[in-house]
Amino acid sequence: MTLLAFLALLAAAPAAAVPDVYFEQTTVVLEEGRPVGPGVVSRVWYAGPRMRLEPGDAPNGPALILRIDQGKAYRIDPAQRRVSVLDAERLRTRGQMDSAMAGELMGAENARVVTTALPGERTVAGHRCRGFRISGGTMVMDLWVTAALPVGIDTFAGFLEWSGAADSLGPFLGEIRRLQGFPLQSRSRVTVMGETHETVATVTRVKVGAHDAGVFEPPAGYRLVEETE
């Protein structure tokens, strides 16, 4: 999952509550407007300071659990029945550096951003969506958003602040927040150093509600190994 595609699906209008969210997403890289390969499928469980990410094509496969509330992250390796314990602060520093570099390369920080409505509607993951185009600098984002889900920027505020992603998006984040909905599909195009990169991220399933117990915990019986690098 690319950083830009993931952030586009996280940033939306504020919600009154902060519900747990689960979604499955397929991200496809485009070349000259055409898909390159079948894309990458991801599964994401989110609950404020807790997050779990898994490849969607490998059930019971490797996973990453982020526990901002504990200052730790867990990388699960089922093949070895091992859990690598990582320091969340080091991940945060690395994530902020990556976000800052991405924002600088995209020119998002100081871009003059404009939002226009796209014609028509489309159904994504069973929800009717309206389309909007946000453009500025060398970046263009087409977002198809639904107002049918109680999910918004406040749901993901902790992660966006922790990772530095909110800063890297610059004025784009403010425009996304005005859309009054949650993006279920995004198409992003950015030109960096003369090269154009284009991706489409589509949510194929979304569920709002409490997660199963233990989804944010290392599996019982696995060997825990502290990683210092």
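Bear in mind that the values here come from a model prediction, so they are computed numbers and not experimental data.

*Asks:* In this structure, what is going on with the overall build of the protein chain? I would like to understand it.
*Replies:* A tally of helices and strands in the protein chain yields 5 helices and 13 strands. Here the protein chain holds 229 residues, and the buried ones make up 46% of them. Restricting the contact set of the protein chain to residue pairs at least 6 apart, pairs at least 24 apart contribute 62%. For the protein chain, the accessible surface area stands at approximately 11900 Å², while carbon and sulfur atoms represent 50% of it.

*Asks:* Looking at this structure, I do not really get the pattern of salt bridges. What am I missing?
*Replies:* Pairs can form between side chains of opposite charge once their charged atoms are near each other. In this structure the tally under the stated criterion is 9 salt bridges. When the shortest N-O distance is used, the salt bridge between Arg187 and Glu198 registers 2.7 Å. Of the two residues, Arg187 sits in strand β11 (residues 182-192) while Glu198 sits in strand β12 (residues 195-208), which places them 11 residues apart along the sequence. Connected through shared salt-bridge partners, Arg43, Arg52 and Glu54 make up one network.

*Asks:* Whenever I open this one, unusual backbone geometry confuses me. Can you help?
*Replies:* Working note: non-glycine residues mostly have negative phi, and peptide bonds are mostly trans. Despite not being glycine, Arg81 has its phi angle at roughly 50°, a positive value. Residue class for Arg81 comes out partly exposed when judged on its relative accessible area of 46%. Its identity as a non-glycine residue notwithstanding, Ala125 has a phi of 55°, on the positive side. Topologically, Ala125 is positioned in the loop between β8 (114-124) and β9 (127-136).

*Asks:* I'm lost on the pairing of strand β4 (residues 50-55) in this one. Help?
*Replies:* Looking along a regular strand, one sees the side chains alternate between the two faces of the sheet. Of the pairings in the sheet, the one linking strand β3 (residues 40-47) to β4 comprises 6 bridges and is antiparallel in character. Within the sheet, the bridge partner assigned to Ala47 lies in β4 and is Arg50. Once β3 ends, the chain turns through 2 residues before running back antiparallel as β4, passing Gly48 with a positive phi of about 65°.

*Asks:* Would you mind going over the side chain of Arg52 with me for this structure?
*Replies:* Here Arg52 lies in strand β4. Leave out the neighbours within four places in its chain, and Arg52 touches Arg43, Val44, Trp45, Ala63, Leu64, Ile65, Ile76, Val215, Phe216 and Glu217.

*Asks:* Where do I start with the packing of aromatic side chains in this structure?
*Replies:* Aromatic rings in a pair are described by how distant their centres are and how their planes are angled relative to each other. Counting across every chain of the model gives 1 aromatic pair. Note on Tyr22 and Trp45: the rings are 4.9 Å apart at their centroids and 50° apart in plane angle, and the pair reads as tilted. In this pair, Tyr22 sits in strand β1 (residues 21-31) while Trp45 sits in strand β3, placing the two residues 23 residues apart along the sequence. An identical accessibility class is assigned to Tyr22 and Trp45; each is buried. Stacked on the ring of Trp45, the Lys or Arg Arg52 has its end atom at 5.8 Å from the ring centre.

*Asks:* In this structure, what is going on with the nonpolar core? I would like to understand it.
*Replies:* Most often, soluble globular proteins keep nonpolar side chains buried together rather than apart. Core analysis: the largest hydrophobic core is formed by 18 residues, its most contacted members being Phe23, Leu149, Leu184 and Val206. Mapped onto this core, the elements with two or more residues apiece are β1, β3, β8, β11 and β12. Beyond its immediate chain neighbours, meaning those up to four positions away, Leu149 contacts His127, Phe182, Leu184, Val206 and Val208.

*Asks:* Any chance you could explain the pairing of β11 here in plain terms?
*Replies:* Counting buried residues along β11, 8 of its 11 residues qualify, which places the element largely inside the surrounding structure. For strand β10 (residues 139-146) and β11, the ladder comprises 8 bridges, and the chain directions are antiparallel. Counted as the bridge partner of Trp144 is Gln185 from β11. Where β11 hands over to β12, the hairpin turn is made up of 2 residues, of which Met193 adopts a positive phi near 50°.

Criteria and thresholds
Residues numbered from 1 in each chain as written. Predicted model: local features only at pLDDT ≥ 70, side-chain atom pairs only at ≥ 80, totals over all residues. Heavy atoms only, no water. Helix = DSSP H or I, 4+ residues; strand = E, 2+ residues; numbered from the N terminus. Buried < 20%, exposed > 50% of the residue type's maximum accessible area, 1.4 Å probe, protein only. Contact = heavy atoms within 4.5 Å. Areas by Shrake-Rupley, 256 points an atom, 1.4 Å probe, with all protein chains shown as cover. Salt bridge = Lys/Arg side-chain N within 4 Å of Asp/Glu carboxyl O. Pairing = 2+ DSSP bridges. Phe/Tyr/Trp six-rings, centres within 6.5 Å; stacked < 30°, edge-to-face > 60°. Lys NZ or Arg CZ within 6 Å of the ring centre and 35° of its normal. Core = buried A, V, L, I, M, F, W, Y, C linked by side-chain atoms within 4.5 Å.

Any functional reading would require information beyond the geometric quantities listed.
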